[in-house]
Every structure is written in C-alpha cells, then in structure tokens.
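Breakdown of the fold
If you want the building blocks of each chain, they are given just below.
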Amino acid sequence: MIYLDHAAATPVAPKVKEAMEPYFTDDFFNPSAAYLPAKKVASEYEAAKATIAHAIGAKASDLIITAGATEANNLAFTSVNKNGAILYLETEHDSVRAVAKNLGGKPIKVLPNGLIDLNDLKSKITDQTELISVALANNELGTVQPLAEIASIIRETKLNRMKRGVKTQLLLHSDASQALNLLDISVARLGVDLLTINSAKIYGPKGVGALYVSHDAKLHPLVAGGGQEKGLRSGTENVPGVIGFAKATELAKGHLNGNRKKYTTWRKILLAELKDYELINRKHSLDNFIVLCYNGIDAERLVFLLEEKDIFVATGAACAASKGVRSHVLKAIGLTDEQIAGSLRITLGETNTEEQIHKAADIINETIKNEYKRIKALSH
Ligand code: PLP
C-alpha cells in the first residue's frame, strides 16, 4: 500500500501506542480519585498536558483537553457574547464554518492563491466583531496563513477601539490541526488567543485534541458535569489519549526539520515525474501538500482506480468527499467546476519512502494516460 492521504488520518506511531498501553490496564485509575495510584495517574496526566502545551510555547494550565479538533473549535466559539460578532475565513474546515455560520458569522475572502484577503478582513471588522477565526494551515490546500499579520491588524484595531472607549473584546482563533507536526508553532509568535490542536493528524490517537486559551478569552462549557478541565470540559479524563497525544507532540518536534526536508524533496520529485497536471497549490503551502488538477478527468473515479492499485489519495477534504459535495475551498480560490471535479490531493507523511514516491508517480501517470485514452474513445 502507498498511503498518500496523511491530511485525513495518520497511523498511531508505535512509540505512541507503547506509551499509551499501561494506561488502559495497569494505570487505569480515575485521576480524580483520592488514593495514591490515582494521584500518580493525575500527575502523569498533568505532565503530559505540559508536554503538549510546551510544543506550542504554552503552559499546561492554558490547555483544555477535548475529544478532538471539532470540539476544540466549537469550544473556541463559546467566547463570543453576541450573534453576528464573528469573522471566519471562507476556506475553514466545517467544524469552524458550521458553528460560525450558526452564530451569524461572516466569511472573509481568500485570494486565488488561497491566502487571506487582508483588505477584505480590514473592511469587515466592525466595533461589534469579537472573534476572528483563521486556520493556520488549510486542510485541503495546505495553505499557511499569515497569522502574525492578522494579529497585528487586530492589535491596531484594539488600540483604536481603546482610544474611542469601545470595550468589545477582539480575539484571534486559529485551527492548527494540520500544522502541529509541520510548523514550529508558538502561540506568542502567532499572536493567537485561542488555538486548536489535534492529536489525530500527528500520529497520535484519534478523538483527542486541545484548545489553547489565553487569559483574555472567557469560555463557556459545552457540556455540564464533574468540572474537569477547569469546568470547561467535564467528563473523566481520557488519560491514555492524552499520554499518546503528548508522546506524538514530542516525536513531532523531534522529526519536524527532517520531515520538512524529506517532504520538500519528495514534492519536487512528484511534480517533476507526474505528467499532464496543473498545480493548484503553487506557493504558501505546508511541505507535504500537493494539490493537482487533471482537466477533464473525474478525480473521484481516479481515486477508485488508484485504490485498485493500492494507492490511497483524496479528492479534497475526506468529509466533503464522502458527502459528495463540491469543495468550498477549491471554489473559494476560483476553480471552475471542471477543475474541482479533476482535483486530487496528495498529502505525504511518515508512512512513505522515496521509492514509494517514484512508484506512485509511475502508477498515477499510467492511470491518467489510460483515463485520457478511455475518454477520447468515448467521444468518438
Ligand atoms: N480542523 C481541521 C483543519 C481538520 O483537518 C480536521 C480533521 O479533518 C478537523 C478540524 C476535525 O478534526 P477531528 O475530526 O479530529 O475532530
């Protein structure tokens, strides 16, 4: 198998699985219990949170552990007091888009290269705006957004509001689900108030994520209960999950530069060896993302044909593809319906080797050649 869909899911790394195992059986205790073995688990859980927090330049007490990025994104939006006080990038993942829309949020446009249109952002900020949500890296294109620039616009807006006595909060939220193992992230450098991270995309277990929360952001719980995670995420702690997430962040930090170099080389190899494509994500993208368009080809059919040859790729976001809807992201950057229908997303990862990259290029080329032949024969 040649798996080229690491943006959709990553396998749990063997070292992560090994770190988690004791917490399913021997160290199964509820961290809230009063006896010593439970207290030991509680302190190991806190240490794991500190490791995760350290990976983004934060402290354990700044993190709320959630059951994945969807929940973390939803939790971030509880910081908003009034309907209509949200701006979100139009290319956001559905777990941001859906909530933002429900709360009367307005979309910010992207440019044809996938980057935020800063002029559109500036023109849409009003004295009522409380939260701006822009993903650090997009999950369909890999586009890395200039968060520090956005943070600086926010700072200027806040100063201006202060001078005029406007007291409305203005927070910056970013979904960094795709970026934690590909970029060196620091919440201070990015200037974010809220940051979503996701274990499932960095070779950790699924169903575990976290929201970084700065002192300025006041959240409300989505579920009521026993008061864990500062009352913001009640429910017995997912100890094995968090231990696994911590191990995955530690490994990701160690592999960051090596992986980035490797993916850059493999991306170059693929772009040189593949034929007849148009490159969609030319610049400003994570190193492991390659989005191509084959004009006139039905990419969904291509995905099935490649699966028969043991190559796994995506047409766009895995969830958008399964619902059979056209990608809102590819639409937002101005692709035609035909281009969208012919778009393929390849995301490289730790399961790959250079040999696989050459092999995948050969098989994709051959499949495309046969598809064009078949289409030509049909039109005669
Ligand atoms: N945000 C982004 C950018 C993602 O890529 C994903 C996963 O596909 C999510 C949020 C949702 O993550 P989860 O399904 O782990 O809640």
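Residues numbered from 1 in each chain as written. Predicted model: local features only at pLDDT ≥ 70, side-chain atom pairs only at ≥ 80, totals over all residues. Heavy atoms only, no water.

1. Quick look at the pairing of strand S10 (residues 289-293)
Working note: regular strand, side chains alternate between the two faces of the sheet. Here S10 lies mainly inside the structure; 5 of its 5 residues are buried. Residues of S10 alternate between two faces, with Phe289, Val291 and Cys293 on one and Ile290 and Leu292 on the opposite face, all of them buried. Pairing of S10 with strand S12 (residues 343-347) involves 5 bridges; the strand directions are antiparallel. When the bridges of S12 are listed, Val291 appears paired with Arg345. (Buried < 20%, exposed > 50% of the residue type's maximum accessible area, 1.4 Å probe, protein only. Helix = DSSP H or I, 4+ residues; strand = E, 2+ residues; numbered from the N terminus. Pairing = 2+ DSSP bridges.)

2. A short note on the sheet that holds strand S9 (residues 278-279)
If you trace the 3 strands from one edge of the open sheet to the other, you get S9-S10-S12, paired in antiparallel fashion. The open sheet has two free edges, formed respectively by S9 and S12, since each of these has just one partner strand.

3. Remarks on the sheet that holds strand S7 (residues 194-198)
Pairing is mixed across the open sheet formed by 7 strands, whose spatial order is S2-S8-S7-S6-S5-S3-S4. The outermost strands of the open sheet, each flanked by one partner alone, are strand S2 (63-66) and strand S4 (106-108). The sheet shows a mean angle of 20 degrees between the axes of neighbouring strands, taken without regard to direction. As paired elements, strand S3 (residues 86-89) and strand S5 (residues 131-133) share 3 bridges and run parallel to each other. Note on S5: the bridge partner recorded for Ile86 is Leu131. Against the sheet, helix H2 (residues 36-54) contacts S2 and S7, and its axis sits at roughly 105 degrees relative to S2. (Axes fitted to C-alpha atoms, helices over the stretch in contact; angles between N-to-C directions. Contact = heavy atoms within 4.5 Å.)

4. Describing helix H4 (residues 94-102)
Along an α-helix, residues three or four positions apart point the same way, because every turn accommodates 3.6 residues. Among the residues of H4, Ser95, Val96, Arg97, Val99 and Ala100 are the ones counted as buried. Residues of H4 that are buried make contact with helix H3 (69-76), S3, S5, strand S6 (171-175) and helix H11 (328-332). Gly104 lies just past H4 and shows a positive phi near 75 degrees.

5. Topic: helix H13 (residues 354-379)
With 26 residues, H13 ought to run about 38 Å at 1.5 Å a step, and its terminal C-alpha atoms sit 38 Å apart, in line with that. Of the residues making up H13, those classed as buried are Gln356, Ile357, Ala360, Ala361, Ile363, Ile364, Asn365, Thr367, Ile368 and Glu371. Summarising the contacts, the buried residues of H13 are in contact with strand S1 (2-3), helix H8 (239-273), helix H9 (299-308), strand S11 (311-312) and S12. (Expected span 1.5 Å × (residues − 1).)

6. Quick notes on the side chain of Gln228
Within the element layout of this structure, Gln228 appears in the loop between strand S8 (209-213) and H8. When neighbours within four sequence positions are excluded, Gln228 is seen to be in contact with Ser32, Arg233, Ser234, Gly235, Thr236 and Glu237.

7. Quick look at the packing of H2 against H8
Helix-helix packing is described using two parameters, namely the angle between the two axes and the distance between the axes. Two elements in contact, H2 and H8, have axes separated by 8 Å at closest approach and are oriented at 35 degrees. Like other packed secondary-structure pairs, H2 and H8 cross with a definite hand, here left-handed. Here H2 contributes Val41, Glu44, Tyr45, Ala48, Lys49, Thr51, Ile52 and His54 to the contact with H8, which in turn contributes Val239, Val242, Ile243, Phe245, Ala246, Thr249, Glu250 and Lys253. Residues of the contact of H2 with H8, tallied by class, amount to 9 nonpolar, 3 polar and 4 charged. (Left-handed = near helix turned anticlockwise from the far one by under 90°. Nonpolar A, V, L, I, M, F, W, Y, C, P; charged D, E, K, R; others polar.)

8. Here we look at the site of the ligand
Residues in contact with the ligand, as listed here, are Gly68, Ala69, Thr70, Asn73, His93, Ser95, Asn139, Asp175, Ser177, Gln178, Asn198 and Lys201. Contact distances for the ligand include 2.9 Å between an oxygen atom and a side-chain N or O atom of Gln178. Between Lys201 and the ligand, the recorded distance is 2.8 Å, taken from a side-chain N or O atom to an oxygen atom. Protein coverage of the free-state accessible area of the ligand, which is 390 Å², stands at 82%. Broken down by element, the shell around the ligand gets its largest block of residues, 3 residues, from H3. Residues of the shell around the ligand, tallied by class, amount to 1 nonpolar, 9 polar and 2 charged. (Near = heavy atom within 4 Å. Polar contact = N/O pair within 3.5 Å; in protein donor to acceptor, adjacent residues only side chain to side chain. Areas by Shrake-Rupley, 256 points an atom, 1.4 Å probe, with all protein chains shown as cover.)

9. Focus: the domain arrangement of the protein chain
As a measure of interface size, the accessible area lost when the parts come together is often cited. When cut into domains, the protein chain gives domain 1 (2-10 + 256-367) and domain 2 (14-254). A separation of 27 Å is found between the C-alpha centroids of domain 1 and domain 2. Of the residues lining the interface, 29 residues belong to domain 1; the matching set on domain 2 comes to 33 residues. With both chains or domains summed, domain 1 and domain 2 bury close to 2600 Å², and 56% of this area falls on carbon and sulfur atoms. Here domain 1 is connected to domain 2 by 0 salt bridges. For the pair domain 1 and domain 2, the number of links is 17 residue pairs in polar contact (both at pLDDT 80 or more). Within the residue set of the side of domain 1 that touches domain 2, elements represented by two or more residues are H8, S10 and H11. Sorting elements by how many residues they give to the side of domain 1 that touches domain 2 places H11 first, with 4 residues. (Domains from an automatic or database assignment. Buried area = accessible area lost by both parts, 1.4 Å probe. Salt bridge = Lys/Arg side-chain N within 4 Å of Asp/Glu carboxyl O.)

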